[in-house]
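For reference, the chains in residue letters:
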Amino acid sequence: QVQLVESGGGLAQAGGSLRLSCAVSGNIFSINAMAWYRQAPGKQRELVASITAGGSTNYANSVKDRFTISRVNSRNTLYLQMNSLKAEDTAVYYCNADAYINSYELQDYWGQGTQVTVSA
């Protein structure tokens, strides 16, 4: 069974920083793309940033130049460094991973989410 466990959320002031982590564990052959999503109250879940196994990144326009996604493949861990936080960054943040459970079967996995609250 594959598990994604996020940590690092909490309360920050506007202009402050937080760093999210996501540890992937379980019976995994390899991990392909990973990503962070977020969902604010009353809104749809949206992509924040993604990263391929090779390290290519993609960001939502709203977080470009403020957030940095990274991963340590040897530790099956994903990070999101969030700087210059704004009140509109308040949301539940979810880790997502596309993982091979064998050499040919790719599955999509989600973490349970971690709350990020930014006070104005």
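Relevant structure appears above.
Quick look at the structure, then.

Here is what the cut-offs are and how they apply
Residues numbered from 1 in each chain as written. Predicted model: local features only at pLDDT ≥ 70, side-chain atom pairs only at ≥ 80, totals over all residues. Heavy atoms only, no water. Helix = DSSP H or I, 4+ residues; strand = E, 2+ residues; numbered from the N terminus. Rg over C-alpha atoms; globule rule 2.2 N^0.38 Å. Buried < 20%, exposed > 50% of the residue type's maximum accessible area, 1.4 Å probe, protein only. Areas by Shrake-Rupley, 256 points an atom, 1.4 Å probe, with all protein chains shown as cover. Lys, Arg positive; Asp, Glu negative; His and termini not counted. Charge placed at Lys NZ, Arg CZ, Asp CG, Glu CD. Phe/Tyr/Trp six-rings, centres within 6.5 Å; stacked < 30°, edge-to-face > 60°. Lys NZ or Arg CZ within 6 Å of the ring centre and 35° of its normal. Pairing = 2+ DSSP bridges. Axes fitted to C-alpha atoms, helices over the stretch in contact; angles between N-to-C directions. Core = buried A, V, L, I, M, F, W, Y, C linked by side-chain atoms within 4.5 Å.

### Digging into the overall build of the protein
Looking only at helices and strands, the protein has zero helices and 11 strands in total. Along its sequence from the N terminus, the protein presents helices and strands in the succession β-β-β-β-β-β-β-β-β-β-β. Here the C-alpha radius of gyration of the protein, 14 Å, is about what a compact globule of 120 residues would show, namely 14 Å. With respect to the principal axes defined by its C-alpha atoms, the protein has extents near 45 × 25 × 25 Å. Here the protein, with 120 residues, has 38% of them falling under the buried criterion. Accessible surface computed for the protein: about 6,400 Å², of which carbon and sulfur atoms make up 45%. In the protein, the 9 positive side-chain charges and the 8 negative ones have mean positions that sit 6 Å from each other.

### A word on the packing of aromatic side chains
Scanning the entire structure with this criterion turns up one aromatic pair. Taking the ring centre of Y94 as reference, the NZ or CZ of R45 above it sits at 3.7 Å. The residue whose ring lies beneath R45 is W110, and the NZ or CZ to ring-centre distance is 4.8 Å.

### Focus on the sheet that holds strand β7 (residues 67–72)
Pairing within the open sheet is antiparallel, and its four strands lie in the order β1-β3-β8-β7. Two strands bound the open sheet, and with one partner strand each, they are β1 (3–7) and β7. Between one strand axis and the next, the sheet turns through 15° on average, direction left out of account. Where β1 meets strand β3 (residues 18–25), five bridges bridge the pair, whose relative direction is antiparallel. Pairing of S7 across the sheet is with S21, part of β3.

### With respect to the pairing of β7
Residues F67, I69 and R71 point to one face of β7 and are all buried, whereas T68, S70 and V72, pointing to the other face, are not buried. When β7 meets strand β8 (residues 77–82), the two strands line up antiparallel, connected through six bridges. Bridging from a neighbouring strand, I69 pairs with L80 of β8. Between β7 and the antiparallel strand that follows it, β8, lie four residues; N76 among them carries a positive phi value of about 50°.

### Remarks on the nonpolar core
The nonpolar side chains of a soluble globular protein tend to be buried, and buried together. With 32 residues, the main nonpolar core has W36, L80, M82 and Y93 as its most contacted residues. Elements represented by at least two residues in this core include exactly β3, β4 (30–39), β5 (46–51), β7, β8, β9 (91–100) and β11 (114–119). Take this core: its biggest share by element is five residues, from β9.

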